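The lines below spell out each chain.
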Amino acid sequence: MNRRLGFGVVVSVLFWQMVSFAQTPLSGYVKFYHHNRWESSDAISRTGTRMQLTVSQTLGDRAAFFGSLDFDVDEVRGRSRFQEDRGANVEIYPVEMYIDLYSPWLDLRIGKQFIFWGKTEWINPTDNINPWDYANISAEIEDYRLAVNAIKADLYLGQFTLEGVFVPVFTPDRIPGMGSGMHGGGDGMPRWFGTSLPEAKLHNGQIAFRLMHNLGGVDWSVSYYRGNQHQPQMRTAVRCIPDPCVLGLEQFYPKVQIFGGDFQKVFGRWGIRGEGAYTRTRDLSGTDPWLPNPHYQTVLALDYTPTDDFGLVAQWVLEGWLKQHLESDALAWRQMHVPYSPEPRRRTSWSARLHWEPANYWSAQLIGVVNADTHDRFALAFVNYQPADALNITVGGVFFGGRPGTPFGRMADQDRLFLELKASF
Amino acid sequence: MMRSKYWFGLSFVLAAAVVAGPIGAQPQDQLTGRQIMEKVLASGDWKDMRGDLVMILTNARGQVRERRLKFYSKKRSKDETMMLMRFIAPADVKGTGFLVIEHKDRDDDRYLYLPALRRVNRITASGRGGNFMGSDFSYYDIGRPKLDDWVYKRLQDAQWEGKDCYVVECDPATEQIRKDTRYSKIIRWIRKDIFTTVYAEYYDKDGDKWKELRVPETKHIGGIWFATHMIMKDVQIDHTSEMRFENLEVNVGLPDRIFTVRYLQRGL
């Protein structure tokens, strides 16, 4: 029994004691899943079964608690670098566990939790607190997002709500194949030093604030995030142990500040939503080839529900990078034998979500994103059938396409089909 | 996956439940169709209420689906209501919540809380002719009809399950009402003693019978008559929807803070 599994068993025993003590009813689900990739030599065909136990209870008007615990038996076929974490064969881990404290003007949520910001769909420039699990894209958000230990405070000031979040320890995105193809420094190639995470010190914690308001039927908010970028970036590094000092490469998570805002307004069957953010990096002049440049992303969404059975959300996305010095950046990267693929100065994308529910027992959903300039694309499509109440069968696929080097083209070998059978109780 | 169609128009549910108010002193045999409907629509004097709603859907193959919700409602003014509903069952949508705050002068505020997304979102509204929660009740059926939307014709009195009833034919007053409701005609059987619709037939735009409503149970709670059990059958596709109110409590002094996004997103 490894340490992680041992820890999981301890957590589950404590969880069970908590449930018994509180005499609260258990809920949750049992899910069988199979994800099949067929294009990659590093294929991950995931077949497994998961049971999630959830317990929640209010403690009068002043407090509540929530906990959900996953028991996961996940077989990973083929070569995989995920054996050491979530893809391990047997795992018990808390999905969310937190305590809520309420007062007339302040709500606190303390513990492992999801905090999702933003009003547009799927692409949320202001949503920067919980990392993504790109190895586990499926129909359910808690599969592809990772909860973090955080303190969240909501302060109610009349018509305004001020939300503050503190995440003491940084968790990066989980990206399939990250670090693959790296080398030990032979043949004139730079040494690879691995991945450098921010130290677990208080001053490295992430903080975020959001001020929300409703004005005449328009919900709007402004937000601020200070922390680390969740996706890694390459940089040069020097290591002197052992001697002599050598120059090499490592992956790291650069510090960023993100200033954002969003709004939404509904007109009968139509809705309009918008969201945008400016990311201020530590390379404001754009002269450091190993730091990300300042950039922005805006999303404008149109939401239309023509009938009960059909809904459509169409989104226009504009993102851009500022202060680029492409030639000097390219030179620096090439000197270190790192493939250089610059971000374009501006990129326009379109995304859409179609939801169709022809009967009480059937529904289908398609989420697609196309980058207009580079023509690379992503699609998540699935069909859901309910043979009985609380019993769901979902069949779907995740598809990436585009030229190599484009954002989705890089993930072309991540295509997969999935089948999930889920019974909730 | 939460169904968007569950949500729209539910603010009217309780308006539908309130089936009659105080009965006037006018001689009842002389009442016109419109006067009868005025009495049916006379609102009860409730300020707030809470209870459980059970909805059972049965299709032609006998497949049954059951939904359970807990609801809270409070009047903001004579014509504006606030309502919060939360799913209890089925288990895969448990905790899903919906908040609607009606406004006379602009679109209602409608917020949906999906536990899976841990997020509250403002949602668009569907039309009045759409199905409520995937059932055979349209939003119009469960809503409180406006008196002037229809032209009334009193037909020959009849009995329904041993009770004397007025029979009133309701025709759309305008083409827009016909289009919105998708009904060409509604015939209502209204109990004379409590001015409650106990049976109704709904006809589609071609004049063919489309749906039948039966009200097997009404209850007098807090001085107000409520239709606590309603069964709607779509006779064209042989699909039935049953709506039952349980544990209904009226004028319990619900605080305004229940009807806020803050309370909705607590999710408990």
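Residues numbered from 1 in each chain as written. Chains lettered and ligands numbered in written order. Predicted model: local features only at pLDDT ≥ 70, side-chain atom pairs only at ≥ 80, totals over all residues.

The number of helices and strands found in chain A is three helices and 21 strands. The 425 residues of chain A split such that 31% are buried. Considering only contacts in chain A between residues 6 or more positions apart, those separated by 24 or more positions represent 57%. (Helix = DSSP H or I, 4+ residues; strand = E, 2+ residues; numbered from the N terminus. Buried ≥ 20, exposed ≤ 12 C-beta atoms within 10 Å, placed from the backbone. Contact = placed C-beta atoms within 7 Å.)

So, on to the overall build of chain B. Helices and strands together make up the secondary structure of chain B, namely five helices and 14 strands. Considering chain B as a whole, with its 268 residues, one finds that 41% of them fall into the buried category. Contacts spanning at least 24 positions in sequence make up 51% of the contacts within chain B whose residues lie at least 6 apart.

This part is about the environment of A153(A). Note that A153(A) resides in strand 6 (residues 148-157). Each residue touching A153(A), except ones within four places of it in the same chain, is listed here: L106(A), L108(A) and G164(A).

Turning our eyes to something else, we now look at the environment of N121(B). Considering the arrangement of structural elements, one finds N121(B) in strand 7 (residues 119-122). Residue classification places N121(B) among the partly exposed positions, given that 19 C-beta atoms sit within 10 Å. C-alpha of N121(B) to C-alpha of T218(B): the two residues are 97 residues apart in sequence and 36 Å apart in space. Contacts of N121(B), omitting those with residues within four sequence positions, involve K119(A), Y111(B) and L112(B).

Right, let's get into the sheet that holds strand 12 (residues 246-252) of chain A. Hydrogen bonds along the backbone pair up the strands of a sheet, which may run parallel or antiparallel. Residues and elements named next belong to chain A. On the basis of which strands lie adjacent, the open sheet formed by three strands has the order 8-12-11 and mixed pairing. With one partner strand each, in any of the chains shown, strand 8 (191-196) and strand 11 (233-239) form the two edges of the open sheet. Taking each pair of neighbouring strands and ignoring which way they run, the sheet shows an average axis angle of 35°. Note: strand 11 against strand 12, seven bridges, orientation antiparallel. By the bridge assignment for strand 12, M234 is matched with Q251. (Pairing = 2+ DSSP bridges. Axes fitted to C-alpha atoms, helices over the stretch in contact; angles between N-to-C directions.)

Before going further, it helps to examine helix 2 (residues 33-41) of chain B. Along helix 2 of chain B, the residues that are buried comprise G33(B), I36(B), M37(B) and V40(B). Buried positions in helix 2 of chain B, seen along its axis, are confined to an arc of 95° and lie on one side of it. (Arc of directions from axis to C-beta.)

This part takes up the interface of chain A and chain B. Often the size quoted for an interface is simply the accessible area lost on bringing the parts together. Taken together, the contact pairs 35 residues of chain A with 28 residues of chain B. Put simply, the parts of the chain that give the side of chain A that touches chain B at least two residues each are strand 2 (45-59), helix 2 (141-144), strand 13 (255-267), strand 14 (270-281), strand 15 (295-307) and strand 17 (346-359) of chain A. Here the side of chain A that touches chain B is composed, by residue class, of ten nonpolar, 16 polar and nine charged. (Nonpolar A, V, L, I, M, F, W, Y, C, P; charged D, E, K, R; others polar.)

What follows is about the confidence of the model for chain B. Residues and elements named next belong to chain B. Residues at a pLDDT of 70 or more form 85% of chain B, whose mean pLDDT is 83. For the stretch residues 1-16, pLDDT sits under 50, and the model shows 54 contacts to residues farther than four places along the chain or on other chains. Within the model, pLDDT remains below 50 along residues 19-25, and this stretch shows 21 contacts once partners closer than five positions in the same chain are excluded. We note a pTM of 0.82 for the whole complex and an ipTM of 0.80 for its interfaces. (pLDDT = per-residue confidence, 0-100.)

All right, on to the nonpolar core then. Judged by nonpolar contacts, the single largest core of 55 residues is most densely connected at M83(B) and I190(B). The contact partners of I190(B), leaving out residues within four places of it in the chain, are I36(B), V40(B), C165(B), Y166(B), V168(B), F195(B), T196(B) and T197(B). Ranked by size, the runner-up nonpolar core spans 15 residues in total, among them A150(A), V167(A), I258(A) and A277(A). (Core = buried A, V, L, I, M, F, W, Y, C linked by C-beta atoms within 7 Å.)

Residues and elements named next belong to chain A. Summarising the element assignment, Y296 is placed in strand 15. Put simply, Y296 and L284 are twelve residues apart on the chain and 13 Å apart in space, counted from C-alpha to C-alpha. Apart from the residues lying within four places of it in its own chain, the contact partners of Y296 are G276, A277, Y278, T279, E319 and G320.

With that settled, consider unusual backbone geometry. Looking along the chain, the bond that leaves A89(B) and enters P90(B) is cis, with omega of 5°. Assignment of secondary structure puts P90(B) in the loop between strand 4 (81-89) and strand 5 (97-101). In the Ramachandran plot, K323(A) falls in the positive-phi region, its phi being about 55° despite a non-glycine side chain. Tracing the backbone through its elements, the reader meets K323(A) in the loop between strand 16 (310-321) and helix 3 (326-335).

What follows covers the confidence of the model for chain A. Residues and elements named next belong to chain A. On average, residues of chain A score 85 in pLDDT, and 86% of them reach the 70 mark or higher. Strand 7 (residues 160-167) holds the highest mean pLDDT among the elements of chain A, 97, whereas helix 1 (residues 3-22) holds the lowest, 65. Note on residues 77-83: pLDDT under 50 across the span, and 14 contacts to partners over four residues away in sequence or across chains.

With that out of the way, let us pick up the pairing of strand 20 (residues 391-401) of chain A. All names here are of chain A. Side chains of strand 20 alternate between two faces, with N392, T394, G396, V398 and F400 buried and L391, I393, V395, G397, F399 and G401 left unburied. Sheet topology note: the strand 19 (residues 377-388)/strand 20 ladder contains ten bridges and is antiparallel. Along strand 20, the bridge assignment pairs A388 with L391. As defined by bridge partners, strand 20 adjoins strand 21 (residues 416-424) across eight bridges and the pair is classed as antiparallel. Bridging across to strand 21, G397 finds its partner in L417.

This part covers the pairing of strand 10 (residues 185-191) of chain B. Residue and element names in this part refer to chain B. Taken across its seven residues, strand 10 has five buried, putting it largely inside the fold. Here strand 9 (residues 163-172) pairs with strand 10 via six bridges, running antiparallel. By the bridge assignment for strand 10, C170 is matched with I186. Pairing of strand 10 with strand 11 (residues 196-203) involves seven bridges; the strand directions are antiparallel. In the sheet register, W189 faces strand 11, and the bridge partner there is Y199. Hairpin connection of strand 10 to strand 11: four residues between the antiparallel strands, including F195 at a positive phi of 50°.

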